[in-house]
Every structure is written in C-alpha cells, then in structure tokens.
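# Structural description and commentary
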Amino acid sequence: MTASPQLKRVASTQWENFHQSQSATVQRHYQLLPAAGKMTANSLRQSAELVLDLIDEARQSGATIRPLASNWSFSKISAQENCWMLDTTWSRRKNRLRPRNLDPGFAGDPDGLMLLQCGQTISYLNHTIEREFGRSLATTGASNGQTYVGAMSAGTHGSAIGEGAMQSRVVAIQLLSVDRQNLWLERPGKKVLKPELVAEFGSTLKRDDDLFDAALCSLGLLGVIHAVVVETVPIFLLSSSQFEHAYDSKLRNAMRSLDPASLDIPGDVDVPAGNPQPYFFQFVLNPHAPDDPTRVKLMYKLPWDPTHTIDYREQGKWGPTYDLAEFVGKLLESASAFTPLIATQIFKLQLSLFRNKVGTWGQTFNYTTPRRATAGAAIAVPASRSDEALDIFIKTHKDHGPAPLAFACRFVQKTPGYLSFTRFDPTCVIDIDGLAHGGTLPMMERIRTALDDAGIPYAQHWGKHHDLRHGRLERSYGADLAAFRAARDRLLPSAADKTVFELGSPETAVGS
Amino acid sequence: MKRQFVSVLLIPLLLGGCATTHVFRVQPPETVGLRQPAKVESYFGAVSKSADIDCNGNGIAEVYVKQSFWRSLLSTVTLGAYQDTQLRYLCHPGPNDGAGEFGEAPADEGRAARAPTDQGGSDDG
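What counts and what doesn't
- Residues numbered from 1 in each chain as written.
- Chains lettered and ligands numbered in written order.
- Predicted model: local features only at pLDDT ≥ 70, side-chain atom pairs only at ≥ 80, totals over all residues.
- Helix = DSSP H or I, 4+ residues; strand = E, 2+ residues; numbered from the N terminus.
- Buried ≥ 20, exposed ≤ 12 C-beta atoms within 10 Å, placed from the backbone.
- Contact = placed C-beta atoms within 7 Å.
- pLDDT = per-residue confidence, 0-100.
- Core = buried A, V, L, I, M, F, W, Y, C linked by C-beta atoms within 7 Å.
- Expected span 1.5 Å × (residues − 1).
- Pairing = 2+ DSSP bridges.
- Axes fitted to C-alpha atoms, helices over the stretch in contact; angles between N-to-C directions.
- Parallel < 35°, antiparallel > 145°, perpendicular 65-115°, else oblique.
- Nonpolar A, V, L, I, M, F, W, Y, C, P; charged D, E, K, R; others polar.

The helix and strand tally for chain A stands at 15 helices and 22 strands. Taken along its principal axes, the extent of the C-alpha atoms in chain A is 60 × 50 × 45 Å. Counting every position in chain A, which comprises 512 residues, the buried fraction comes to 56%. The contacts in chain A between residues at least 6 apart in sequence include a share of 73% that link residues at least 24 apart.

This is how it looks when you write it as structure tokens:
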C-alpha cells in the first residue's frame, strides 16, 4: 500500500464471475488500489484522477471500460470480451460523515451517513457500523460479499417489505465519465454534502433528479461510480423464523397486500407484542410438489439489546462440495425422472425449519459460499398480481418440466432509479433458483414467454440470468428507459463517448 | 489381463478425476479481486516450482485446487515424475480498518456515537 492511490495493470486477462456462470477474455485488467491509511478528501480526489486518466485513454483508444465489483452477478454484466476491466474491489475505504461535512440544508439524520468508496463490501460495512457506530443497514440482498456500489448498480434487493432495493438508501453519488467529468450527484430536494467538501473531492456538484435517477441503477453505462453516500438507521435486531405454510388463500392475500401478519403463524414463533407486522417476508415454493407446504420466512424487528453479542464468525460445517451442483445437474439431465425426487430433497435440505433466531442485520445476512453450476433469475411483478404470476410459473413448470429449480417470492417497495427493476408499487420479486441443468435456462425463458402471453407486466434482475430481447426492455421500462437514454446522452453525447461505457449484447439495447 | 490392469488403473483416475477442492478462511470470509490462476509444478517430487501469487501484499482468502483427469493421467504415465496442480486463488482484502472522517472535528462535536457492545474496534481481518 502506497501513500497515494494507484492504478495497477495486472497480467491476468481471464475473467469469470464469482459463480462461474460467465467468462470472458479482457484486453486489459486494472486494479484501483487505495492509498494507505484512512480516506481523505485528497486521496479520494487522487483516486478519481487516476480513473479519469484511464477514461481519457480508453476514449482515445476506442476501448470500453467495465467497472468490476465483487463479481457476483450471474449475468455477463461485469465484463465483456476485449474490454478494459477496472477492478474496483480493492478500494474499500469508508468515512463517516459528520455534521461539519453536511450542507446547511441537510434535513436527515446527521449521524447516519457513510461515504463509501466503490469497493466497500456489505460485510465490512456491516462490521463497522454495527460494532462501532450502533447503526445498521436498512436492507441488503441475502448475502454480504457484494460491494454496495456493485449491488446498487445491478438493482440488488432483499425482502424488507417497507424498503426498496439497496439503491433507495443512496443519497449521493460520485460519477466519473468522459471529458474528465467528475460529478457529485444529489437530489435538489435532499442536499447532503456541503459544496466546499465536494470541491475538495475535485467534483462538480450537480443537484439534478434526472441524472441521479439515471445513476442509481446504471449498469456501468454512464461511467465509473467512484463513491456513494448511504443512509444507515439506528441499530436493531431481527428475530427470524422459518416455518411451513400452505400456498392457500391466506398466503395469496399476504402476497397481494404485503401483510403477512394474517398468516397461520405457528405458536412457537415469537411475535413482538404491539408490533405484529414483520420487517421481512419471503417464501419458497417447490414446483415439483406445489401442493406441499411452502417455507415461509418472517423476520420481526426488535429494539437493540445492549447485552446482545455481535459475532460474525462462521462455523466450519458439512455441506455440499463445490462441484456437487454441477454433478447433480448433469446427472439429472440424463435421468430426468429423478428430478422431482432430488429437487424436493434439496429443497428440504436447503430450507430447514427454525424459530426465533436473533441477530443484527449483518449477522442475519452473512456469507454465501459460491456454488458452481447454479442458475438464478429474478422477475419483478406488481405485488397485486403476484399470486397470478406465481400460478403461471407453477403451470409452466408443470407443462414443460421438470427442471431442478424452486421459486422464491420476496417483497419490496417501489425503488427509485430509471432502471431499477423493482419498479412496481409495491413489488413482488419471484426468484427462479436452481441448478445449471440443460432444462433450467429454457424453463426460465418459457416462464417469461408465459408472462408475456398473459400480459402481466414484469422486469428482470440485471444481475441474474435474463433475456431482454424481443422488445421486453421497452415493455418493462417504458418512458423510464427513454429518460435513462436521454440522461446518458447528456453525459455521453457522441457515439465514441458511449463506446467507453458500453455493454455487450443483449444489454446494448439499454443505451442505444 | 492387460486390459483389466488398464481398467483398474483408470477407475481411480476417473473417480478422482474432476473434483475441485475449496479451501477458505472461516473468519472473516472476505475476498477481493478476481480468482487468479496459479500453477504448482513438481518433478520427481524433488524439484518444484511454486505458485506465483500476487495479492498486493495481502494474504490469500480462498484457494480452489482443481483436479483433472488429464493431469492425473499425465502424472500416472510418468510414474509420478511430473505433477502439476492448477489452482485459483482469491486475495484477502486486508484488515477492515474501520471508518475515517473528513476534516478536523470542532471542539464541540466529538464522536457522538458509541459502540453498541463492549467489543468495539474494527475487525482485524
């Protein structure tokens, strides 16, 4: 680690994502390394200068830069053939903003803001804010290995029913783009940093809703997001339980209303007195036995208990090996008659029943071991039509299966950002998780086609397996897609500018 | 007889053939960067070339050791004279050194927040 940030070019040009579902040969591979010690305004500015230099060089060379985060996406969103890959994961400094850093017009909780460099992971952020500051994230995805910036850029969500996806808690964005644009984006109605500090970052302050909404979930198409400011909330505990529940009228009603309090909740689940509304609600359905009970997970918010021990340690334990999913997937391709049996066993093993586990947010949503040869898609639909959509998922699988997969329903509020896929008010996200079996990806496509045929509006998770051909992009995002493209035109006026931050097919259609 | 011998020789090769061994630190399971390839070569078990690993001064967080049928076969036909092991590694990001602040704190500001438990401090990675 040196006194100043560094842009280091490394020899390796073979890229593959964390789950090994995608790979590419990149032309150049850079690591953005931070300066030693704590982040200062000067080190943030120096780091931005290095990235701007790289953008200049790429612009002159006609190259495309893909900013790389933790690499967790199933889709080929992180890298593409022959790009210049900028690995941001090393730059993981974070600063707590203090009242002296804030604009006089700031109206929120002055204790709750964290400025994160692009490589800051959810895990490290949880560890710091929970143990040092008595704060918590309001929502994340189910795992903690992603960077905050990478997760928001792909629209990562959880199932906190009162929250949007992760980008809904972002209040400022440092965006680096062509022509040495070092922009500090905020909303006009939500001022955050005082202009003097923004100037110390070398940034131009732009309080502009249009650019902010474009940058919140931008897939790396606008430039490199170098830092963000995230709102945290006072620390709390979650009490989690997973139990069986029929896919019946009560569950359907809970899906449509996001009110799971009326479910048949087992008596040994501790429901907080006076606060029966869960903070988190999801359930998983086994399409191989759709009449069997689903596995419902509820989490209740509890006040912080000063006697609670925050312990993030993982315990070594027996579990499936790294290659087992691939082996089972191949096996089932040859012996599909066994798919329901095997898939049902996996469903039961992966979704054990438990009661009243108490932990912080960071303890509850922790590390996920990578699994090769798995596949995942996530389709957002209006919650009001979520049971209708899930019925279509089940019927499509029944008609064209079997495939080794399961369906999980998660619920979030509508999320700001033109390209946020959790765009319905409120949203149900139906995950299709399974093995990378020959029948899994075709099944995902059959389900999308069935939704098209049924006229149910939907949008797809950018970071998971998706298919955005056939005009689906336009149907999903409508006027918001046009607004995103217009904002991109403002930042990247020429075709050569856009080339610097392009995505390979089929995502190319987003920007053009 | 010869065919049986070859078959017996091939069975363990095939069974052990293509598994990946995954080793990772239990706490904290944090990684940085891409899985980088590296190779360990050994001749006659006496001379070996170690893996060239670059983690920018940090340690390794995860290692994936890939067995393959062809490498096992190569080792077998050379009677163990040549062995190579392909591995891929992920670097550890280094300590989570907590959070900094911008600028000097005015006398009346201080650090308002307190740790919620007496554990405090930063994760030492």
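Here the narrative resumes.
Per the secondary structure count, chain B includes two helices and five strands. Along its sequence from the N terminus, chain B presents helices and strands in the succession α-β-β-β-β-α-β. Looking at chain B as a whole, 18% of its 125 residues are labelled buried. The long-range fraction of contacts in chain B, counting pairs at least 24 apart against all pairs at least 6 apart in sequence, stands at 81%.

Another point: the confidence of the model for chain B. Residue and element names in this part refer to chain B. Per-residue pLDDT for chain B averages 72, and the proportion of residues at 70 or more is 64%. Confidence, read as mean pLDDT per element, is least for helix α1 (residues 2-16) in chain B (59) and greatest for strand β4 (residues 60-66) (86). In this model residues 110-115 is a low-confidence stretch, pLDDT under 50, and it forms 10 contacts with partners more than four residues away in sequence or in other chains. In the model, residues 117-125 has pLDDT below 50 throughout and makes 22 contacts with residues more than four positions away in sequence or in other chains.

Moving on to unusual backbone geometry. Each neighbour pair has its own omega, and for Gly401(A) with Pro402(A) the value is 5°, a cis peptide bond. In this structure, Pro402(A) sits in the loop between α10 (386-400) and β20 (405-412). For the bond from Asp425(A) to Pro426(A), the omega torsion is -5°, close enough to zero to count as cis. For Pro426(A), the location among the structural elements is in the loop between β20 and β21 (427-435). At Asn71(A), a position not held by glycine, the phi torsion is positive, near 80°. Non-glycine residue Asn56(B) carries a positive phi angle of around 50°.

Glancing now at the nonpolar core. Residues and elements named next belong to chain A. Ranked by internal contacts, the top residues of the largest apolar core, which has 152 residues, are Met-114, Tyr-148, Ala-215, Val-228, Val-229 and Ile-430. When residues of this core are assigned to their parent elements, the largest contribution, nine residues, is made by helix α1 (residues 41-61). Once residues lying within four places of it in the same chain are set aside, the contact partners of Val-228 are Leu-116, Tyr-148, Val-149, Val-170, Ala-172 and Ile-173. Judged by nonpolar contacts, the second largest core, of eight residues, contains Ala-325, Val-328, Ala-373 and Ala-436.

So, on to α10(A). Every α-helix carries 3.6 residues per turn, so stepping three or four residues along brings you back to the same face. Residues and elements named next belong to chain A. Between its first and last C-alpha, α10 extends 21 Å over 15 residues, near the 21 Å set by a 1.5 Å rise per residue. Those residues of α10 not exposed but buried are Ser-386, Asp-387, Ala-389, Leu-390, Phe-393, Thr-396 and His-397. Tucked into the core, α10 has its buried residues touching α6 (249-257), β19 (374-382), β20, β21 and α11 (440-454).

Moving on to the environment of Pro34(A). All names here are of chain A. Relative to the elements of secondary structure, Pro-34 occurs in the loop between β4 (28-33) and α1. Looking at Pro-34, the number of C-beta atoms within 10 Å reads 23, which means it is buried. Note: C-alpha distance between Pro-34 and Ala-335 (301 residues apart in sequence) is 51 Å. With near-sequence residues (within four places) excluded, Pro-34 lies in contact with Pro-5, Ser-43, Ser-47, Trp-90, Ser-91, Arg-93 and Gln-117.

In this section: the sheet that holds strand β1 (residues 6-10) of chain A. All names here are of chain A. Spatially, the four strands line up as an open sheet ordered β1-β4-β6-β5, and their pairing is mixed. Across the chains shown, the open sheet's two edge strands, defined by having one partner strand only, are β1 and β5 (65-68). Each adjacent strand pair in this sheet contributes to an overall mean axis angle of 25°, direction not counted. Looking at chain direction, β5 and strand β6 (residues 84-87) are connected through four bridges and run parallel. When the bridges of β6 are listed, Leu-68 appears paired with Asp-87.

What follows is about the packing of helix α5 (residues 209-216) of chain A against helix α13 (residues 479-491) of chain A. Residue and element names in this part refer to chain A. Interaxial distance between α5 and α13 falls to 9 Å at its minimum, and their mutual angle equals 105°. Relative to α13, the element α5 lies roughly perpendicular. The residues of α13 that touch α5, namely those facing Asp-210, Leu-211 and Ala-214, are Ala-483, Phe-484, Ala-487 and Arg-488. Across the contact of α5 with α13, the residue classes break down as five nonpolar, no polar and two charged.

Residues and elements named next belong to chain A. Reading across from one edge, β7-β8-β13-β10-β11-β12 is the order of the six strands in this open sheet, with mixed pairing throughout. The open sheet has two edge strands, β7 (94-96) and β12 (204-207), and neither has a second partner. Geometrically, the sheet is characterised by an average inter-axis angle of 20° between neighbouring strands, direction not taken into account. Pairing analysis gives four bridges linking strand β11 (residues 181-186) to β12, with the strands arranged parallel. Following the sheet pairing, Glu-186 is matched in β12 by Arg-207.

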